[in-house]
Amino acid sequence: QVQLVESGGGLVQAGGSLRLSCAASGSIGSINAMGWYRQAPGKQRELVAAINRGGTTNYAGSVKGRFTISRDNAKNTVYLQMNSLKPEDTAVYYCNIENRGSNSYLINYWGQGTQVTVSS
């Protein structure tokens, strides 16, 4: 069993910055990819950013150049630095990790979500 603890969400004015953190704990074997998704009211969940073990990143076009995803493998933590925030970024942000346990199964884990609200 793996648990994810998210932090860093909140209310910020347009143009401001926030940093989200997601720390994994529990029966961690080997974490593969880590990422952030978001879901706004009335919208489907979308990938915001992802990062693999080697540090290769992938971003949604809407956040490229403004957001930066990073990870600390020693701490089993993934971060999302969000700069130049826009009202359109308002959503619940979910942390996601792929974990391979000792049984060799790849299991996808989700955080409970953290609200990010950007005011105009």
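First, a word on what this report is: a plain description of the structure on this page. This is a predicted model, so every value here is computed, not measured.

Regarding the nonpolar core
Within the largest apolar cluster, 29 residues are counted, with the highest numbers of intra-cluster contacts made by Trp36, Leu80, Met82, Tyr93 and Ile97. What Met82 contacts, discounting residues up to four positions off in sequence, is Gly16, Ser17, Leu18, Leu20, Arg66, Phe67, Tyr93 and Val116.

A look at the sheet that holds strand β7 (residues 67-72)
Sheets are built from strands paired through backbone hydrogen bonds, the pairs being either parallel or antiparallel. Sheet architecture is open: four strands sit in the order β1-β3-β8-β7, paired in antiparallel fashion. In the strand order of this sheet, the two ends are held by β1 (2-7) and β7, each with one partner. On average, adjacent strands in this sheet sit at an angle of 15 degrees to one another, irrespective of strand direction. With six bridges connecting them, strand β3 (residues 18-26) and strand β8 (residues 77-82) associate as antiparallel partners. If you follow Arg19 over to β8, its bridge partner there is Gln81.

Examining the state of the cysteines
Taken as a whole and judged by the stated rule, the model has one disulfide. The partner cysteine of Cys22 in its disulfide is Cys95, sulfur to sulfur 2.1 Å. Between Cys22 and Cys95, the disulfide has an S-S torsion of -85 degrees and is therefore left-handed. Here the residue Cys22 occupies a position in strand β3, and Cys95 occupies one in strand β9 (residues 91-100), the gap between them amounting to 73 residues. Each member of the pair, Cys22 together with Cys95, is buried.

Quick word on the environment of Val5
Within the element layout of this structure, Val5 appears in strand β1. Between the C-alpha atoms of Val5 and Cys22, which are 17 residues apart in sequence, the distance is 5.4 Å. Apart from the residues within four sequence positions on either side, Val5 is in contact with Ser21, Cys22 and Ala23.

Digging into the packing of aromatic side chains
If you walk through the whole model with that rule in mind, you get one aromatic pair. If you follow Arg45 out to its NZ or CZ, it ends over the ring of Tyr94, 4.2 Å from the centre. Sitting above the plane of the Trp110 ring, Arg45 keeps its charged end 4.6 Å from the centroid.

Here is what the cut-offs are and how they apply
Residues numbered from 1 in each chain as written. Predicted model: local features only at pLDDT ≥ 70, side-chain atom pairs only at ≥ 80, totals over all residues. Heavy atoms only, no water. Core = buried A, V, L, I, M, F, W, Y, C linked by side-chain atoms within 4.5 Å. Buried < 20%, exposed > 50% of the residue type's maximum accessible area, 1.4 Å probe, protein only. Contact = heavy atoms within 4.5 Å. Pairing = 2+ DSSP bridges. Helix = DSSP H or I, 4+ residues; strand = E, 2+ residues; numbered from the N terminus. Axes fitted to C-alpha atoms, helices over the stretch in contact; angles between N-to-C directions. Disulfide = S-S within 2.5 Å. Phe/Tyr/Trp six-rings, centres within 6.5 Å; stacked < 30°, edge-to-face > 60°. Lys NZ or Arg CZ within 6 Å of the ring centre and 35° of its normal.

Just geometry here; none of it tells us what the structure is for.
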